[in-house]
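Now for the letters of each chain:
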Amino acid sequence: MSQENMSNDNVESATEDPTDDDMILETDVAAGLEEGSETVRTARERSIVEANGINVWYNDEQALQDITMSVPENQVTAMIGPSGCGKSTFLRCINRMNDMIDAARVEGELYLGEKNVYDPDVDPVALRRRVGMVFQKPNPFPKSIYDNVAYGLKIQDIGGNHDEIVEESLKRAALWDEVKDQLDESGLDLSGGQQQRLCIARAIAPDPEVILMDEPASALDPVATSKIEDLIDELAEDYTVIIVTHNMQQAARISDKTAVFLTGGELVEFDDTKTIFENPEHERVEDYITGKFG
Amino acid sequence: MATQDRSSYAEGFGQVSRTVGTVFRYLLLASTLFGIAVLAILLVYVANDAVQPLTADPGWHLTFFLTLVLPTLATAGYLAATNLEALKFGSMTIGLIVVSLLFSGGVAIIFIEVLAPLVWFAYVLAFAVPTVLMIALQRRSRQLSFLTRFVVVALAFYTSLFGLPGVVPSVAALVQSAPFVPLDWVLLTLTLGLFASAPTASYAAGIRDRRTGLGVGVLALAAVAASPFIGPPVFGIGTVPSVILASVTVVPTVAFVGGTAVTREHARIGILVPLLIVGGALAGEVLVDTLGYAGPQSWVDWQFLTSDHSGTAEDAGLYPAIAGSILLMVTVAALSFPVGVGAALYLEEYAPDNRITRFIDVNISNLAGVPSVVYGLLGLGLFVTQLGRPSGTIFVGGATLALLILPIVIISSREAIRSVPDEMRQASYGMGATKWQTVKNVILPRAFPGILTGTILALGRAIGETAPLIMIGAPNVLFSFPSELSSKVSAMPLQVYSWASYFATDAFYEKAVPAGVVILVTVLLAMNSIAIVLRNRYEQET
Ligand SMILES: Nc1ncnc2c1ncn2[C@@H]1O[C@H](COP(=O)(O)OP(=O)(O)O)[C@@H](O)[C@H]1O
Ligand SMILES: [Mg+2]
């Protein structure tokens, strides 16, 4: 199974020492140069999502201003900022969910892997099949737990043993032990935290390349929240996770990289989480993080 | 000033007048009660005329009071005080029995008068064969393109239903020309029996496991198959009604009772209510017979339900009108449901939000308010004058009534579709579903109970309409039974109207009309109660 292979690769690379890591990354960049396919990426790590001058308007209101950032593969990238600063909007740019909003207009380039998702030949439905999404409010379908997890497999016409994939996904979402005897029962009968983990299982079942999470724990109690946080930590071994949160402690706990958006839809600073929280470059970011405003 | 304020604090907070509010409240109460009270008085008056309870011996009343009313009321009262869930279960069972009996009656009329079981069986088979093929092909969706599958399935349906002239006979024709024709009840057992036992089996499988489900399904089918041997000798009804009664009333009721008893132990005791009602009625009947008390000379009786219209009130019956109403309903539902739900889906999920859409929006609401006479005129102009169909037939009547309720079906279906939370759509699109997949897998299943509720209520409106039927030239009285789409049709409200106008003698006024009204209202209430139960269930789930 491809998921298996992927996880093995990642475990290996994670255990390698930093010098080795750097070498690999260098060769990656070199390979990119030789092929001459893309501009050289400035990030040290291999990036999977790369925004290049993204602007978003809702009618005439600009919600995002010239966002340029590259999100590294197989890491957790957090996006923080006061509410209304465009975090969700940016998340929706990645899988083109903004297309559903009539008022929204997006300009700029956004690469997923090597492909600009705003190229005219990109089918947004096909794009969304490679990007999983978890929403703020748990939103399982009023179907059985099994059917919820198998939904992506069914609509994307993915073959293979669905029973196995469903079990695997539920295990990865740390829900299997709690629901293995009630797979036929409605997903709505679960508690809020379980529902959110069910939604995560649903999102990872078709084995997406990137998982987007929009404040996945903000509707949950602290215990459920910490379960979700542990889960995100584990998911990052196999997947690239981009998570929006308004909770700075959460960002500090779980993310490798942090992007700080501030009012007006600006990306003010994007760096290693440690740097952002301990030694931010911009005063505004420091003010925000220390709670002076926002 | 300030000192005054302080002193009033010390004395208390004072009083604020509520006189106007109280008066207003009782005015509201009065206006609420007014409509209900007037309607209730009217219904009691009509029911009194129709059933004539005072013509019965006092002994008759006393017997039934003691055997039926008293035990039922006592038990219901006890349950209401101690175990509301059980009472609910009991009354649901009674409701289910009543409604499914009405339904059985309707189905029986159709099979006895209109649709020969052989023809029905032939068409069920003709549908089943390509459906099985379709499901089999669906499984192989990865090997075959959508277009291939579509062509194969369409061809299979066409061949199965109509045949290819000169090459392959249709399944439908093949079955009907079979040299050996099974008995009617065998055909009905194979169709209706299966339709009843398959959902029962899956219901049981949902409660326990697959094996239990299979066992229950086989048992249900066996019960239906056994009914033609039990029905005629024990209850004196024919084999066909026996099978229908078994599959439409007995199997669903037993399944509901059994399922609830297994899953909700607490509510089990509620079964006493239906048992007491049925048992009390039977005991009362036996007692009254042996003691020789005469019952009321009710106008609503078996004779009234099963006779044709007649010039004398004593012999007049509602049978052709009941059957006409049923056939009209089937036609109306078949025409308005797909069109209405389709339009609602388009407007809610697909239509762009522009001026044309808003224009259509407003006009659908306007159409819902157009008087029914106007729809009758439309039906007459469209179907009879323009399309040249004969006037007053089932098809023309059904199509006209379908037009009449179409705006209501659209509006209520839109409401149901709109009530599907946006999060569900987001979740589905976020998984990479297309619009069609989202509509099929998420929106329609979720909105379906609401759509069904709205459609049933709309059908209730159609069943009571008289004016459009008069406009399209439906005969006021019908002495024979409508047997195909192109035969003339009457309906219950029309029959009552003609008794009250053309045959306006005292006898008709006092007897036939109230009896007809009681039947009509009973059918309407039954339909509305189905809709309400559905809606309550749906609201509980969400
Ligand atoms: N569907 C929409 N239509 C119009 N404006 C919107 C819509 N969604 C978001 N906005 C606006 O865009 C800005 C950014 O919103 P959002 O991305 O939801 O912020 P955040 O997730 O950071 O709280 C806000 O000012 C909000 O009012
Ligand atoms: Mg947000």
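Going by what an unreviewed UniProt entry lists, chain B is known as Phosphate transport system permease protein PstA and is assigned to Haloarchaeobius iranensis. Heading Subcellular location (unreviewed entry) of the UniProt record for chain B holds this comment: "Cell membrane". Per UniProt, the comment on chain B under Sequence similarities (unreviewed entry) is "Belongs to the binding-protein-dependent transport system permease family. CysTW subfamily."

An unreviewed UniProt entry lists chain A under the name Phosphate ABC transporter ATP-binding protein, PhoT family, with Haloarchaeobius iranensis given as the organism.

(A) Structural context of the site of ligand 1. Residues and elements named next belong to chain A. Around ligand 1, the structure places Tyr58, Ala63, Ser83, Gly84, Cys85, Gly86, Lys87, Ser88, Thr89, Arg92 and Ile101. Contact with the protein chains covers 61% of the free accessible surface of ligand 1, which is 560 Å². No other element matches helix α3 (residues 87-94), which puts four residues into the shell around ligand 1.

(B) Expanded view of the packing of aromatic side chains. Under the defined criterion, the tally for this structure stands at 15 aromatic pairs over all chains. Taken together, a centroid distance of 5.9 Å and an interplanar angle of 50° make the contact between Phe304 of chain B and Trp499 of chain B tilted. One end of the pair, Phe304 of chain B, is in helix α12 (residues 302-306); the other, Trp499 of chain B, is in helix α20 (residues 492-501), with 195 residues separating them in the sequence. Each member of the pair, Phe304 of chain B together with Trp499 of chain B, is buried. The ring of Phe270 of chain A has Lys257 of chain A lying over it, and the distance from NZ or CZ to the ring centre is 5.5 Å. Looking at Lys435 of chain B, its charged tip hangs above the ring of Tyr350 of chain B, at a distance of 5.5 Å from the centre.

(C) Geometry of the interface of chain B and chain A. Taken residue by residue, the interface counts 18 residues in chain B and 24 residues in chain A. Between chain B and chain A, the buried area comes to about 1900 Å², and carbon and sulfur atoms account for 60% of it. Taken together, chain B and chain A are joined by one salt bridge. One salt bridge in this structure joins Glu423 of chain B and Lys137 of chain A, with 3.1 Å as the shortest N-O distance. At the boundary of chain B with chain A, the tally comes to nine residue pairs in polar contact (both at pLDDT 80 or more).

(D) Examining the pairing of strand β6 (residues 131-134) of chain A more closely. All names here are of chain A. Residues Val131 and Met133 point to one face of β6 and Gly132 and Val134 to the other, with burial holding for every one of them. Here four bridges tie β6 to strand β7 (residues 210-214), and the two strands are oriented parallel to one another. Residue pairing across strands places Gly132 opposite Ile211, the latter belonging to β7.

(E) Representation of the sheet that holds strand β5 (residues 115-116) of chain A in the model. Residue and element names in this part refer to chain A. The four strands are arranged β2-β1-β4-β5 in an open sheet whose pairing can be described as antiparallel. Of all the strands in the sheet, the pair left with one neighbour each is β2 (61-72) and β5. As judged from the eight bridges shared by strand β1 (residues 47-58) and strand β4 (residues 104-112), these two strands associate in the antiparallel manner. Across the sheet, the residue bridging to Asn52 is Glu109, located in β4. Those strands touched by α3 are β1, β2 and β4, and its axis lies near 120° from that of β1.

(F) Summary view of the domain arrangement of chain B. All names here are of chain B. Taken domain by domain, chain B holds domain 1 (2-51), domain 2 (71-300) and domain 3 (319-541). A separation of 38 Å is found between the C-alpha centroids of domain 1 and domain 3. Contacts between domain 1 and domain 3 engage five residues on the former and six residues on the latter. Of the roughly 390 Å² buried at the junction of domain 1 and domain 3 (both faces included), carbon and sulfur atoms supply 85%. Contact with domain 3 buries area across many residues of domain 1, yet Val46, Asp49 and Ala50 alone supply 73% of it, more than any other trio. For the pair domain 1 and domain 3, the interface holds zero salt bridges. In this structure, the connection of domain 1 to domain 3 is made through zero residue pairs in polar contact (both at pLDDT 80 or more). For the side of domain 1 that touches domain 3, a count of residues per class yields four nonpolar, no polar and one charged.

(G) Up close: helix α8 (residues 184-207) of chain B. Residue and element names in this part refer to chain B. End to end, α8 covers 34 Å across 24 residues, agreeing with the expected 34 Å (1.5 Å per residue, within 8%). A bend of about 35° at Leu194 is the largest found in α8. Residues of α8 that are buried include every one of Trp185, Leu187, Leu188, Thr189, Thr191, Leu192, Gly193, Ala196, Ser197, Thr200, Ala201 and Ala204, and no others. Residues of α8 that are buried in the fold lie against α4 (84-114), α5 (117-139), α9 (210-235) and α10 (239-263).

(H) The arrangement of helix α2 (residues 19-51) of chain B in detail. All names here are of chain B. With 33 residues, α2 extends 47 Å from end C-alpha to end C-alpha; this agrees with the ideal 48 Å at 1.5 Å per step. The principal kink in α2, of about 25°, is found at Phe34. Positive backbone phi, approximately 50°, marks Gln52, located one or two places after α2.

(I) A look at the nonpolar core. Within the largest apolar cluster, 52 residues are counted, with the highest numbers of intra-cluster contacts made by Leu318, Val332, Leu401, Ile405, Leu469, Met492 and Trp499 of chain B. Going through the elements one at a time, α2, α4, α13 (319-350), α15 (372-386), α16 (394-418), α18 (435-463), α20 and α21 (506-541) of chain B are the ones with two or more residues in this core. Here this core takes ten residues from α21 of chain B, the largest share from any one element. Excluding residues that lie within four positions of it along the chain, Val332 of chain B makes contacts with Phe337, Gly398, Leu401, Ala402, Ile405, Leu459 and Ala462 of chain B. Formed by 46 residues, the second largest nonpolar core is a distinct cluster that contains Ile165, Trp176, Val179 and Ile232 of chain A.

How each quantity is defined
- Residues numbered from 1 in each chain as written.
- Chains lettered and ligands numbered in written order.
- Predicted model: local features only at pLDDT ≥ 70, side-chain atom pairs only at ≥ 80, totals over all residues.
- Heavy atoms only, no water.
- UniProt positions renumbered as here; feature names shortened; annotations may be inferred.
- Near = heavy atom within 4 Å.
- Areas by Shrake-Rupley, 256 points an atom, 1.4 Å probe, with all protein chains shown as cover.
- Helix = DSSP H or I, 4+ residues; strand = E, 2+ residues; numbered from the N terminus.
- Phe/Tyr/Trp six-rings, centres within 6.5 Å; stacked < 30°, edge-to-face > 60°.
- Buried < 20%, exposed > 50% of the residue type's maximum accessible area, 1.4 Å probe, protein only.
- Lys NZ or Arg CZ within 6 Å of the ring centre and 35° of its normal.
- Contact = heavy atoms within 4.5 Å.
- Buried area = accessible area lost by both parts, 1.4 Å probe.
- Salt bridge = Lys/Arg side-chain N within 4 Å of Asp/Glu carboxyl O.
- Polar contact = N/O pair within 3.5 Å; in protein donor to acceptor, adjacent residues only side chain to side chain.
- Pairing = 2+ DSSP bridges.
- Axes fitted to C-alpha atoms, helices over the stretch in contact; angles between N-to-C directions.
- Domains from an automatic or database assignment.
- Nonpolar A, V, L, I, M, F, W, Y, C, P; charged D, E, K, R; others polar.
- Expected span 1.5 Å × (residues − 1).
- Bend = angle between axes of the 7 residues up to and from the residue.
- Core = buried A, V, L, I, M, F, W, Y, C linked by side-chain atoms within 4.5 Å.

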